[in-house]
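# Observations on the model geometry
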Amino acid sequence: MPEKVLKGRVALVTGVSRRKGIGFAIAQQLAILGADVFIHSYSPYDATQMWGADPNGISALIALLQKYGTRIAHAQGNFLDPAVPSQIMSTAVQTFGHIDILIANHAYSTMGNLEQLTAAEIDTHLQVNVRGTLLLVQAFAAQHSGCSGGRVVLLTSGQHLNPMPEELSYVASKGALHQLTLSLSAYLIGRKITTNAINPGATDTGYASNELYESVLRANPQGRWGQPEDAARLIGWLVTDEAQWVTGQVINSTGGGL
């Protein structure tokens, strides 16, 4: 792919809080391709998880992204608050003037089988992952000028390929994004905005137990876990002009595995 093919375009990437995460890899790839990037994070969520927040904080991530010579800005926000998606978009627009590309990478995820389900956990998954994403897309479309190059990329999971009975609330929310992709595409394509979703497959972001890690290694025909950069390269291509004919698709980037 030619260098700096996204020069002059601006991307908003949510869920960028750890250098080992998919969000950071996406932001990095877009910066490499020349885009200015506004990143969103919510570090308090990471701090409660087994992988923890990035040890050097968001300032270290910003410094790494700035090395590629494009403009980088940041805001933090909890999408559990329904006002935050529009606030994040408004701040990004105030910072850069407009947003051409929205990558909805943020996710709330906890384990829970049928017996462990609670109304609160179901609601939190749906509020952050589904409501938060839909409101972001709404705010993105409202500020989009209708010029060519508009892009929305959602992140789903592998719930349509393999059962995930220990993550039912998460499955419900990611399944909703999967099913929304085609309808959002139909609504937005007239405004020159393509809409696609990516299932990045099992990606080594530091969340897996040793048992799960080895299980994925055995099951994947390429003999490795996905890396954040694998999904980032695909998304980087999808938001270029080369991919203007691709919309309404849910793409499985799984290395041939699940």
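Residues numbered from 1 in each chain as written. Predicted model: local features only at pLDDT ≥ 70, side-chain atom pairs only at ≥ 80, totals over all residues. Heavy atoms only, no water.

Taken across its 6 residues, strand β5 (residues 150-155) has 6 buried, putting it largely inside the fold. With burial as the criterion, each face of β5 is covered, one bearing G150, V152 and L154 and the other bearing R151, V153 and L155. Where strand β4 (residues 101-104) lies against β5, 4 bridges are found, and the strand directions are parallel. Among the inter-strand pairings, I101 is bridged to a residue of β5, identified as R151. Handedness of the crossover joining β4 and β5 through helix α5 (residues 119-143): right-handed. As defined by bridge partners, β5 adjoins strand β6 (residues 193-199) across 6 bridges and the pair is classed as parallel. (Buried < 20%, exposed > 50% of the residue type's maximum accessible area, 1.4 Å probe, protein only. Helix = DSSP H or I, 4+ residues; strand = E, 2+ residues; numbered from the N terminus. Pairing = 2+ DSSP bridges. Right-handed = clockwise from strand over helix to strand, strands pointing away.)

The final tally for this structure, using the stated rule, is 6 salt bridges. Here D46 ties to R18 by a salt bridge, and the two come within 4.0 Å at their closest N and O atoms. Residue D46 is found in helix α2 (residues 43-47), and its partner R18 is found in the loop between β1 (10-13) and α1 (22-32); the two are separated by 28 residues along the sequence. The class of D46 is buried, set by a relative accessible area of 7%. You can call R18 buried: its relative accessible area is 13%. Taking the shortest distance from any N to any O, the salt bridge between R71 and D36 comes out at 2.8 Å. Of this pair, R71 sits in the loop between α3 (57-66) and β3 (72-76) while D36 sits in strand β2 (residues 36-41), placing them 35 residues apart in sequence. We classify D36 as buried; its relative accessible area is 12%. (Salt bridge = Lys/Arg side-chain N within 4 Å of Asp/Glu carboxyl O.)

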